[in-house]
Amino acid sequence: MSSIKKNIAVGIAADHGGFELKMQLTVLLHEAGYIITDFGAHELFTEDDYPDYILPMAKAVAKAEIQRGIAICGSGVGACVAANKVYGIRAALITDSFSAHQGVEDDNMNVICLGGRVTGSSLAWELVQIFLKAEFKGEERFKRRLDKIMVFEMKKPKV
Ligand code: RB5
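All residue numbers refer to position in the chain's written sequence, counted from 1. Given that the model is predicted, a residue must reach a pLDDT of at least 70 before its local features are reported, and side-chain atom pairs must reach 80 or more before they are shown or counted; all residues, however, enter totals for whole chains, interfaces and linings. Heavy atoms from the whole structure form the basis of all side-chain values; hydrogens and water molecules are not counted.

**Student:** Please set out helix H4 (residues 97-107) residue by residue, giving values where relevant.
**Tutor:** Under the scheme applied here, a residue whose accessible area is under 20% of the maximum for its type counts as buried, over 50% as exposed, and between as partly exposed, the area being computed with a 1.4 Å probe on protein chains only. Numbering of helices and strands runs from the N terminus, with a helix taken as a DSSP run of H or I at least four residues long and a strand as a DSSP run of E at least two residues long. What H4 keeps buried is the set Ala-100, Gly-103, Val-104, Glu-105 and Asp-106. Contact between two residues is taken to exist if any of their heavy atoms lie within 4.5 Å; hydrogens are not considered. Summarising the contacts, the buried residues of H4 are in contact with strand E3 (68-73), helix H5 (121-133) and helix H6 (140-155). Directly beyond the C-terminal end of H4, a positive phi value near 55° is found at Asn-108.

**Student:** Give a description of the pairing of strand E5 (residues 111-115) that names residues and reports values.
**Tutor:** Along any regular strand, the residues point their side chains to alternate faces of the sheet. Counting buried residues along E5, five of its five residues qualify, which places the element largely inside the surrounding structure. Going residue by residue along E5, you find Val-111, Cys-113 and Gly-115 tucked away on one face and Ile-112 and Leu-114 tucked away on the opposite face as well. A pair of strands is labelled paired if DSSP reports no fewer than 2 bridges between them. Two elements, E3 and E5, share five bridges in a ladder whose sense is parallel. Looking at the pairing, Ala-71 lines up with Cys-113 of E5.

**Student:** Tell me what's going on with the nonpolar core, and back it up with residues and numbers.
**Tutor:** Core analysis: the largest hydrophobic core is formed by 26 residues, its most contacted members being Leu-25, Leu-29, Ile-70 and Leu-114. Mapped onto this core, the elements with two or more residues apiece are strand E1 (10-14), helix H1 (19-31), E3, H4, E5 and H5. Among the elements that make up this core, the one with the highest residue count is H5 (seven residues). Sequence-distant contacts of Leu-29, that is, excluding residues within four places in its chain, are made with Ile-12, Tyr-34, Ile-36, Ile-70, Trp-125, Val-128 and Leu-132. As used in this record, nonpolar core signifies buried Ala, Val, Leu, Ile, Met, Phe, Trp, Tyr and Cys residues forming a set joined through side-chain atoms within 4.5 Å. In this structure, Tyr-53, Ile-66, Ala-82 and Val-86 belong to the second largest nonpolar core, which totals 21 residues.

**Student:** Report on unusual backbone geometry, specifying residues and quantitative values.
**Tutor:** Looking along the chain, the bond that leaves Gly-40 and enters Ala-41 is cis, with omega of 0°. Tracing the backbone shows Ala-41 in the loop between strand E2 (36-38) and helix H2 (51-62). Within the chain, Ala-64 stands out as a residue other than glycine whose phi angle is a positive 60°. Among the secondary structure elements, Ala-64 is positioned in the loop between H2 and E3. Unusually for a residue other than glycine, Asn-108 sits at a positive phi of about 55°. Among the secondary structure elements, Asn-108 is positioned in the loop between H4 and E5.

Coordinates in, geometry out; function isn't part of it.
Put into structure tokens, the structure is as follows:
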């Protein structure tokens with residue numbers, strides 16, 4: 001895969017279910033020239049909880065300390081649920097290449113979620129590269145849709 005953007009700051013975080021995949025992706029990202037912030041887990045602890053790692057990374061994306069995030073747990077579901085609780089985060093569980101770029105191009109996805117027990121490391125690496133290379137198209141209809149979500153998010157209804 002060519003012409004990956006390397007001038008963006010990337011964060012990565014995983015619980016025990018995504019620990020091995022996080023280690024593999026971190027090596028590949030370093031080799032590819034990315035500057036990575038690793039939000040943990042820094043060691044395998046089978047009783048740890050994904051919000052402890054995913055939420056700090058998602059907050060860093062929301063505060064623009066980093067531009068993109070990679071959130072991993074066993075299925076990718078918990079990581080996605082947690083990341084999307086942070087204001088300004090647009091996270092999605094990705095298992096296919098089309099969604100890896102279209103999610104950014106149309107929906108301005110800023111966190112990719114992966115299942116360490118679901119997606120193999122080779123496919124995960126391809127998905128991450130596609131995600132990092134993609135850019136939001138910024139067309140009026142895409143902004144309009146995201147604006148509607150932002151308005152909803154700001155009002156914070158209880159149900
Ligand atoms: C941990 O066992 C597992 O539940 C977690 O990694 C994740 O899959 C949750 O969605």
